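# Secondary and tertiary structure notes
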Amino acid sequence: MFATYLIGLREGLEATLVVSILVAFLVKSQRRDRLPQVWAGVGLAVALSVLFGSLIQYTSTSLLRTSESRELFEAVTSVAAVVFVTWMIFWMRRAARTIAGELRGKLTDALAVGSLAVAGMAFLAVIREGLETALIFYAAAESAAGGTGPGALLALAGGIATAVVIGFLLYRSAVRINLSRFFTWTGALLILVAAGILKYGVHDFQEAGVLPGLNDLAFDISGTLDPSSWYGALLAGMFNVTAAPTVLELIAWVAYAVPVLALFLRRPGRPAKPVDPAQPVDPAQPVDPAQRAEPVPADVAAVSSPRG
């Protein structure tokens, strides 16, 4: 359940921050009359995301008649979810420094066009997070023992509710959170969750007969890692770590988790110190490579409260 809670928290906070930036910009620009259009766009995005999630679940449980087709469908959605997770965490790390300015610029353009443009801009800003959440939730819940049952839905809803509360407190300047560190930790955990989803997808491909080796176990430590124990259930539910994986499952988990986690946690190079145009430059004087400017913190909590 923690994996689905983490998905709801991470994706929900990203969407909440986007909405907070839009609302704060309109309030400070004395354009409160456009707030209903923003909320209409957000509401439509949420409704379509729920519909998309329901469609995925309905396809899996009602439209697909054979077990092989269901296994293949779950395998494909698992791989797609891993792609979205990977893209999302690296995109947020890269765009964190500029997302607020870009959103304000797009909203300024939308205000010049009209109310439908404002609603459409808010819709597009939120729908990506919603569709990603629906797909990743389905894949993560299916890879866990409980499936997409009431418990998984409650965990997802709890994560989204927590994100909304945090986003509101940030908007009201009631709390301050190092969002760069938050997204780093949650991104690292989501990479491990995605590795488990990929492992589950490989297993489904094997059960559907697309990949071989369903009975070729890499190891069996059931005597040490009891699947019925609390820690065994926790590892299986969070990261799909099981006591008896197949060879291909183990290869997929390691081949994804190790390099992606290493790339994500690698510190980006520091940008060169900007040149002061008022300072004369001696072309004969070499530039000291040790003189580097500190990178700007990737703090996407640059949400100005209307009281500021």
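Description of the structure in this document. Everything numeric here is computed off the predicted structure, so don't read it as measured data.

Turning to unusual backbone geometry, a few remarks are in order. Positive phi values are uncommon outside glycine, yet glutamine 30 reaches one of about 60°. Mapped onto the fold, glutamine 30 is located in the loop between helix H1 (2-28) and helix H2 (35-63). Notably, asparagine 240 is not glycine yet its phi reads approximately 55°, a positive angle. With relative accessibility at 8%, the residue asparagine 240 sits in the buried group.

Relative to the elements of secondary structure, valine 23 occurs in helix H1. Valine 23 gets classed as buried once you look at its relative accessible area, which sits at 10%. Note: C-alpha distance between valine 23 and tryptophan 39 (16 residues apart in sequence) is 9.2 Å. Sequence-distant contacts of valine 23, defined by excluding residues within four places in its chain, comprise Leu35, Trp39 and Tyr171.

Under the definition given, this model contains six salt bridges. In this structure, arginine 34 and aspartate 33 form a salt bridge, with 3.9 Å as the shortest nitrogen-oxygen distance. Arginine 34 gets classed as buried once you look at its relative accessible area, which sits at 18%. Its relative accessible area of 47% is what places aspartate 33 among the partly exposed residues. Residue glutamate 249 pairs with lysine 199 through a salt bridge whose shortest N-O separation is 3.3 Å. Note that glutamate 249 is positioned in helix H9 (residues 247-265) and lysine 199 in helix H7 (residues 179-207), a separation of 50 residues in sequence. Judged by its relative accessible area of 4%, glutamate 249 falls in the buried class. Classification of lysine 199 as buried rests on a relative accessible area of 6%. Residues joined in a network through salt bridges with shared partners are Arg31, Asp33 and Arg34.

Rules used in this analysis
- Residues numbered from 1 in each chain as written.
- Predicted model: local features only at pLDDT ≥ 70, side-chain atom pairs only at ≥ 80, totals over all residues.
- Heavy atoms only, no water.
- Helix = DSSP H or I, 4+ residues; strand = E, 2+ residues; numbered from the N terminus.
- Buried < 20%, exposed > 50% of the residue type's maximum accessible area, 1.4 Å probe, protein only.
- Contact = heavy atoms within 4.5 Å.
- Salt bridge = Lys/Arg side-chain N within 4 Å of Asp/Glu carboxyl O.

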